[in-house]
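# Observations on the model geometry
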Amino acid sequence: MLLAVRQSQAVMIARQRDSLWDCIVLLSVVGHAHALGFLRDDGSDVGNFLYLKDEPGVAPNTTVVCRTECPTLYRERDSIALWLLVSMYAVVGFFGVFILVKGRASILSYRNIFLGLQTLLCAYRIVTFSALFKWNLFTLLLLLYCFPIFLQFVTFSLLIVFLLKCLLVMQERQHLVRRYLYPTYVLIVLGLAAACVSLSYYAYKRESASQDNHGFDQGVSRFGVLVFGLLAVFLSLTGVKTHRLLMRFVLSEARRSQVVGVSYVVFVYCIVFLVRTVWSVLYVINRNPLQSRMNHLQSQANPYLYYWTVFGFYLVFEILPTCFLLYSFYNWAKPTGGFAKRQKRNPYGNAGINQNDQVAGDPYNGQSQPLLG
């Protein structure tokens, strides 16, 4: 009886949209979702196709058909917020590729790997916000929520490794870079990869057994606390110490301007990671009013306001910081007028850097390549 009522509601919604195709799709989705136990029996509107909670005994490979938990343009073609979000990621990704191709650094330089990972994140967001996938709850938590966080850790931990390398070189302990720094970094990345899978599975099991009315991705926030907390602490510590030493030893004006630029980038992302850490901590302990409001909008029959909150979240925490980062890289790759003039009359062949600027503390010995080159 309940299934017949839901199918009748689906037909009414489809007729309002004047689309026979919508009618067929809605009937199919509602019927299969109810058969799999994915629709609530509390009389809630059919507009929220999925209550993303596995009942006890539901296999983890059960296909998930979701609307608000994994919004895509394929399903929500009339959502302006999603169109703007995907378009912004596309523009940012294109700009990243442009800077990557235009740069003169070697293929495996810190700069190229860093930009490549940032561009990969943009491409990943475009795909997941555009295409329609047959998720199950575990893969949804792992690939749509945990993996992007892990990718951000790999990207910005690489910046931390670069800053630590600068510190070791300035302290004339560069032999520790390959012996200890790189192996430790690889082990940490592998450990975080294991934590990504483990905490995704923990979140899946927790959501399957819990009857609480909290966000289904609350368990994944523990991984966000771990990742963004580590990045905020170590990026701030290494950034401050490296800035002080570089400004003390580096005499070239061009190099000093790059040091200041890197310090601004480090500062911005320290703020971003700190805020995201606090956001995740408050979400874990059920004290995040903004996230609670988003979860409430997520459960509404008309989720379009929720899509605007999703747009605002990613705009603040990913798109705008990435734009600032890419703009900084673009400026570092573009020589200034004064720097170009000094380059022409330099008798030492070091691109405008005076002989006195070559000091032992400079990781690049006064060379004019980008600081992350």
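Preceding this section is the structure that the text describes.
Overview of the structure. Here the structure is a predicted model, which is why all the values come from computation and not from measurement.

Definitions and limits used
- Residues numbered from 1 in each chain as written.
- Predicted model: local features only at pLDDT ≥ 70, side-chain atom pairs only at ≥ 80, totals over all residues.
- Heavy atoms only, no water.
- Helix = DSSP H or I, 4+ residues; strand = E, 2+ residues; numbered from the N terminus.
- Buried < 20%, exposed > 50% of the residue type's maximum accessible area, 1.4 Å probe, protein only.
- Contact = heavy atoms within 4.5 Å.
- Areas by Shrake-Rupley, 256 points an atom, 1.4 Å probe, with all protein chains shown as cover.
- Disulfide = S-S within 2.5 Å.
- Patch = residues over 30% accessible without salt bridge, like charges linked within 9 Å, V, L, I, M, F, W, Y side chains within 5 Å.
- Salt bridge = Lys/Arg side-chain N within 4 Å of Asp/Glu carboxyl O.
- Core = buried A, V, L, I, M, F, W, Y, C linked by side-chain atoms within 4.5 Å.

Take the overall build of the chain next. Broken down by element type, the chain carries 11 helices and zero strands. Listing every helix and strand of the chain by position from the N terminus yields α-α-α-α-α-α-α-α-α-α-α. Counting every position in the chain, which comprises 373 residues, the buried fraction comes to 49%. When contacts within the chain are restricted to residue pairs at least 6 apart in sequence, long-range pairs at least 24 apart make up 72% of them. By element, 64% of the accessible surface of the chain is carried by carbon and sulfur atoms, the whole surface being about 18600 Å².

Here we come to the state of the cysteines. On inspection of all chains with the given rule, the structure shows zero disulfides. Just so you know, Cys323 is unpaired, no disulfide at all, and the nearest cysteine sulfur is the one on Cys122, 8.3 Å from it. Residue classification places Cys323 among the partly exposed residues on the basis of a relative accessible area of 31%.

A contiguous nonpolar patch, built from Ile80, Leu84, Leu305 and Trp308 and spanning about 380 Å² of accessible area, is present on the exposed surface. For the nonpolar patch, the secondary structure elements donating two or more residues are α3 (80-102) and α10 (304-333). Of note, Leu305 is situated in helix α10.

Further remarks concern the nonpolar core. Of all hydrophobic cores here, the largest spans 84 residues; its most connected members are Leu85, Phe223, Val227, Leu231, Leu235 and Phe273. Elements with a minimum of two residues in this core: α3, α4 (110-128), α5 (137-170), α6 (175-209), α7 (221-249), α8 (253-284), α9 (289-298) and α10. The element contributing the most residues to this core is α5, with 24 residues. In this structure Leu231 touches Gln152, Phe153, Phe156, Ser157, Ile160, Ser236 and Phe273, once residues within four positions along its chain are discounted.

Here Ile271 shows up in helix α8. Since its relative accessible area comes to 40%, Ile271 is described here as partly exposed. Along the sequence, Ile271 and Phe317 sit 46 residues apart, while their C-alpha atoms lie 10.0 Å from each other.

Here the structure, examined in full by the defined rule, presents one salt bridge. The salt bridge involving Glu318 is made with Arg125; its shortest N-O contact spans 2.6 Å. With Glu318 in helix α10 and Arg125 in helix α4, the pair connects residues that are 193 residues apart, well separated along the chain. Classification of Glu318 as buried rests on a relative accessible area of 4%. With relative accessibility at 5%, the residue Arg125 sits in the buried group.

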